[in-house]
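Spelled out, the chains give:
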Amino acid sequence: MSHRIYLLPPWLRIWHWTNATLMIVLAVTGASLHFADPGLHLVPFSLAAKIHDIAGVALLVAYGFFVLANIVTGNWWQYVPKPPGVLARCWKQIVFYGWGIFWGAPHPYPPTEEANFNALQAIVYWVIMYVVVPVVILTGVVFLFPDLAPAKIFGLDGLLPVAMLHYLAGAAVILFMLAHIYLGTTGVRPTSLFKMMITGWHEE
Amino acid sequence: MRPASKSLFAAFAMLATAPGAATAADVKGAAPTDPALIEKIRKSNAECYVCHTEAGLKNPPRADMNLAELAKFLHDPKQFDGSNHTGMECKVCHGQGYVAFPHAPEAKKSISECGECHATKALRVETQFKDSVHAKNLADRFTCQTCHDPHVYKVAAKVGDPRKIVAQDNAMCVDCHNSDLRYGAISAALPTKKVRPDLYATHDWLPNPRLHWSAVRCIECHTPMSPVKSLATSHEILAKDKAEKACVTCHSQDSVLATRLYRFAATNVGSDLGFANASVLGSAYVVGATRHPLIDRAVIGLFGLTVLGLLGHGAVRIVMAFFRRRRAS
Ligand code: HEM
């Protein structure tokens, strides 16, 4: 149990926790805005709007940093699933989560310095970080400046599709986050992956 | 009263009070439908327009007029034709004193008051206005015309498009509350001198007041719901500490927007698609109000299933690990 590899540079860890905090704040305030109701004990609308706007802009900045740093350091390559056999490896990973993990089977693709993510992780992270999150951010920016939205679409206000995308993509990010946090407990010990995200060292 | 006659009476009362129920012919000076009469009125009004339009000012029909004075009293026939009083003859309200030029010195005194033709409505409005903040110190300075230009104003029920209603109705308030000139003139009558409060500063608790004021009316927050059915809006402008400050009054599924500003809005595909407050969706997306109950239920359901699924997975892992450890030892 003493094999350790150093996987995560400081910038990535700092970004990760900043991003995580902002996402949770955005999820809570976003839900308070969307489900606003005098009878529900949510964050008060006015406060939620204020916090959501600030956290939203902060997330935009953090995302810009993430993309730039990924380009500069070459870390973006980690998110590209490497053929051949991507689907087969994904399937093996799914079978592990659905079956092997209960029987104490070893992780089929433990992280290495060259390949930090398994194929399933790479695909899901890629879709979330490079498709869904940009949709949330772009629609959020339009929400901040509603004049950017088309005036009318099919006789309805042009902000409707923007708001719908923002809401649904936001919901997708939250669902991902739930699964992501849970899978964080599947290291050698339930806490070891969280520790890795703080120290940068992976334990096996 | 026997039930039958009671309901008959009720039906009658409804006919008499429902907005728009009074037929045009009920009100003095109502626009006729007879083409010959329409043409007669058009010609009669054209006599006033000879002088009282931009064109009249450029080509004055006589040399002995004070053009600087005339320039203050120009009217746009198109605007008048789009108002409540379209089709009416100028003389019906203005009397005979303006037919000849120079106008009779006392002509102004005989211009008809709103109440001369709209007795019931005007009475109700006056009752509400008596309790308005404007009546407290300035009752004799405020007339119906202070807010309603009878040549331009069109009642919300007939404007239809909520954005246009907002623009028209807010202009009534903003033209004074944003003008040092008008506000200064009317507030000079106050017992103590009052500095005009800056509208943007007093509403800085509201995010993006400009956006809000293009989408909702001042009266949405500053008046109570109309207590009489025959009037869509109340004229009782409340003191500022009673004004609406709660965002969820509009930003929630039970938004007052649907029953106030949007009560006359056209229906649209939004209601077929199942949106809450669909009438609002025709011209604004209002966070918290214009949402879809089914999609919301699906999202909450998915969230619940995910949490349950993950907790279940975790529980099985814990139980299996427990048995594995027992077997190993
Ligand atoms: C995990 C990320 C996020 C989630 C879960 C989220 C969720 C939400 C939700 C549910 C709403 C209510 C929309 C509605 O009822 O239709 C909302 C509104 C809004 N969002 Fe987000 N959002 C996120 C990120 C962002 C970002 C990055 C920005 C800005 C760049 C942003 C800007 C806004 C704005 C401007 C509104 C309108 C209300 C306001 O001004 O506060 N959001 N968000």
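Our structure's up above, just so we're on the same page.
Cut-offs and rules
- Residue numbering note: each chain is counted from 1, following its sequence as written.
- Think of it this way: whatever chain is written first is A, whatever ligand is written first is 1, and the rest follow in order.
- Whole-chain, interface and lining totals are the exception, using all residues; otherwise, since this is a predicted model, local features are given only for residues with pLDDT of at least 70 and side-chain atom pairs are given and counted only at 80 or more.
- Remark: hydrogens and water are excluded; side-chain values derive from all non-hydrogen atoms of the structure.
- Donor atoms are limited to N, O and S found within 2.8 Å of the metal ion, a distance that becomes 3.2 Å for Na, K and Ca. With water left out, some sites might look partial.
- Relative accessibility decides the category of a residue: with a 1.4 Å probe and only protein chains considered, values under 20% of the type maximum give buried, values over 50% give exposed, and everything between is partly exposed.
- Angles run from 0 to 180 degrees between N-to-C directions of axes, and those axes are lines fitted to C-alpha atoms, restricted for helices to the stretch in contact.
- Strands here are runs of E lasting at least two residues and helices are runs of H or I lasting at least four, both read from the DSSP assignment and numbered beginning at the N terminus.
- Handedness of each helix crossing follows the sense of rotation of the near helix against the far helix: counterclockwise by less than a right angle gives left-handed, clockwise gives right-handed.
- In what follows, a contact means two residues having at least one pair of non-hydrogen atoms within 4.5 Å.
- All amino acids are sorted into three groups, where Ala, Val, Leu, Ile, Met, Phe, Trp, Tyr, Cys and Pro are nonpolar, Asp, Glu, Lys and Arg are charged, and the leftover types, Gly among them, are polar.
- Here, a salt bridge means any side-chain nitrogen of Lys or Arg that lies within 4 Å of a carboxyl oxygen of Asp or Glu.
- Only a single heavy atom is needed: when it lies within 4 Å of a molecule or strand, its residue is near that molecule or strand.
- We call two N or O atoms a polar contact when they sit within 3.5 Å, provided that within protein one can donate a hydrogen and the other can accept it, with sequence-adjacent residues counted only if both atoms are side-chain atoms.
- Two rings from Phe, Tyr or Trp (for Trp, the six-membered ring) form a pair when their centres sit within 6.5 Å of each other. Planes less than 30 degrees apart are called stacked, planes more than 60 degrees apart edge-to-face, and all others tilted.
- Only when the NZ atom of a Lys or the CZ atom of an Arg is both within 6 Å of the ring centre and within 35 degrees of the ring normal do we say a charge sits over the ring.
- The buried area of a pairing is the accessible area, by a 1.4 Å probe, that goes missing from both parts when the two are put together, added over both.
- In plain terms, two cysteine sulfur atoms within 2.5 Å form what is called a disulfide here.

Participant: I'd love a proper account of the coordination of the iron atom of the ligand, names of residues and values included.
Facilitator: The iron atom of the ligand binds to the protein through His52 of chain A (NE2) and His166 of chain A (NE2), with metal-donor distances spanning 2.0 Å. Residue class for histidine 166 of chain A comes out buried when judged on its relative accessible area of 17%.

Participant: Can you break down the packing of helix H4 (residues 119-144) of chain A against helix H5 (residues 159-183) of chain A residue by residue, with the values?
Facilitator: Residue and element names in this part refer to chain A. At a minimum axis distance of 9 Å, the contact between H4 and H5 shows a crossing angle of 145°. Regarding H4 and H5, the two cross each other, and that crossing is left-handed. Residues Val124, Tyr125, Ile128, Val132, Val133, Val135, Val136, Thr139, Gly140, Val142 and Phe143 of H4 touch H5, and the partners they reach there are Leu159, Val162, Ala163, Leu165, His166, Ala169, Gly170, Ala172, Val173, Phe176 and His180. In terms of residue class, the contact of H4 with H5 is made up of 17 nonpolar, 5 polar and no charged.

Participant: How would you sum up the pattern of salt bridges? Please name residues and give values.
Facilitator: Scanning the model with the defined rule gives 10 salt bridges over all chains in all. Two residues, glutamate 203 of chain A and arginine 189 of chain A, come together in a salt bridge whose shortest N-O distance is 3.0 Å. Within this pair, whereas glutamate 203 of chain A is found in strand E4 (residues 201-203), its partner arginine 189 of chain A is found in the loop between H5 and helix H6 (192-199), the two being separated by 14 residues in sequence. By relative accessible area, arginine 189 of chain A is classed as partly exposed at 37%. Two residues, aspartate 169 of chain B and arginine 217 of chain B, come together in a salt bridge whose shortest N-O distance is 2.8 Å.

Participant: Describe the site of the ligand, and please don't skip the residues or the numbers.
Facilitator: The full set close to the ligand counts 22 residues, and His34, His52, Asp53 and His166 of chain A together with Tyr285 of chain B are the nearest of them. Positioned at a junction of chains, the ligand has nearby residues supplied by chains A and B. A distance of 2.7 Å separates a nitrogen atom of the ligand from a polar side-chain atom of histidine 52 of chain A. In the environment of the ligand, a nitrogen atom lies 2.8 Å from a nitrogen or oxygen atom belonging to the side chain of histidine 166 of chain A. Secondary structure elements with two or more residues in the shell around the ligand: helix H1 (10-34), helix H2 (45-73), H4 and H5 of chain A. The greatest single-element share of the shell around the ligand, amounting to 6 residues, is contributed by H4 of chain A. A breakdown of the residues in the shell around the ligand according to their chemical character gives 14 nonpolar, 7 polar and 1 charged.

Participant: Break down the packing of aromatic side chains for me, with residues and values.
Facilitator: Inspection of the entire model under this criterion finds 19 aromatic pairs over all chains. Relative to tyrosine 167 of chain A, the ring of phenylalanine 35 of chain A lies with its centre 6.4 Å away and its plane at 75°, an arrangement referred to as edge-to-face. One end of the pair, phenylalanine 35 of chain A, is in the loop between H1 and H2; the other, tyrosine 167 of chain A, is in helix H5, and 132 residues separate them in sequence. Judged by relative accessible area, which is 17%, phenylalanine 35 of chain A ranks as buried. Taking the centre distance of 5.9 Å and the plane angle of 90° together, the rings of tyrosine 125 of chain A and phenylalanine 176 of chain A count as edge-to-face. Residue tyrosine 125 of chain A is located in helix H4, and its partner phenylalanine 176 of chain A is located in helix H5; the two are separated by 51 residues in the primary sequence. The buried category is assigned to tyrosine 125 of chain A, whose relative accessible area is 16%. Seen from the ring of tryptophan 77 of chain A, lysine 82 of chain A lies directly overhead, with NZ or CZ sitting 4.7 Å from the centre. The residue whose ring lies beneath arginine 210 of chain B is tyrosine 200 of chain B, and the NZ or CZ to ring-centre distance is 4.0 Å.

Participant: Any chance you could break down the interface of chain B and chain A for me, citing the residues and the numbers?
Facilitator: If you look at the interface, chain B gives 37 residues, while chain A gives 34 residues. Across the chain B/chain A interface, buried area totals approximately 3,000 Å², and carbon plus sulfur atoms make up 72% of it. In this assembly, chain B and chain A are joined by 12 residue pairs in polar contact (both at pLDDT 80 or more). For the side of chain B that touches chain A, the secondary structure elements donating two or more residues are helix H17 (269-272) and helix H19 (293-328) of chain B. The element best represented in the side of chain B that touches chain A is H19 of chain B, accounting for 15 residues. The residue inventory of the side of chain B that touches chain A, partitioned by class, reads 20 nonpolar, 12 polar and 5 charged.

Participant: Quick one: what's the story with the side chain of histidine 34 of chain A, residue by residue and with numbers?
Facilitator: Relative to the helices and strands, histidine 34 of chain A is located in helix H1. Taking relative accessible area as the criterion, histidine 34 of chain A reaches 9% and is therefore assigned buried. At 2.8 Å, the side chain of histidine 34 of chain A and the side chain of aspartate 296 of chain B are in polar contact.

Participant: Could you give me a rundown of the state of the cysteines, with the residues and numbers involved?
Facilitator: One pass over the full model with this rule turns up 0 disulfides over all chains. Cysteine cysteine 144 of chain B shares no disulfide, and the gap to the nearest cysteine sulfur, in cysteine 114 of chain B, comes to 3.8 Å.

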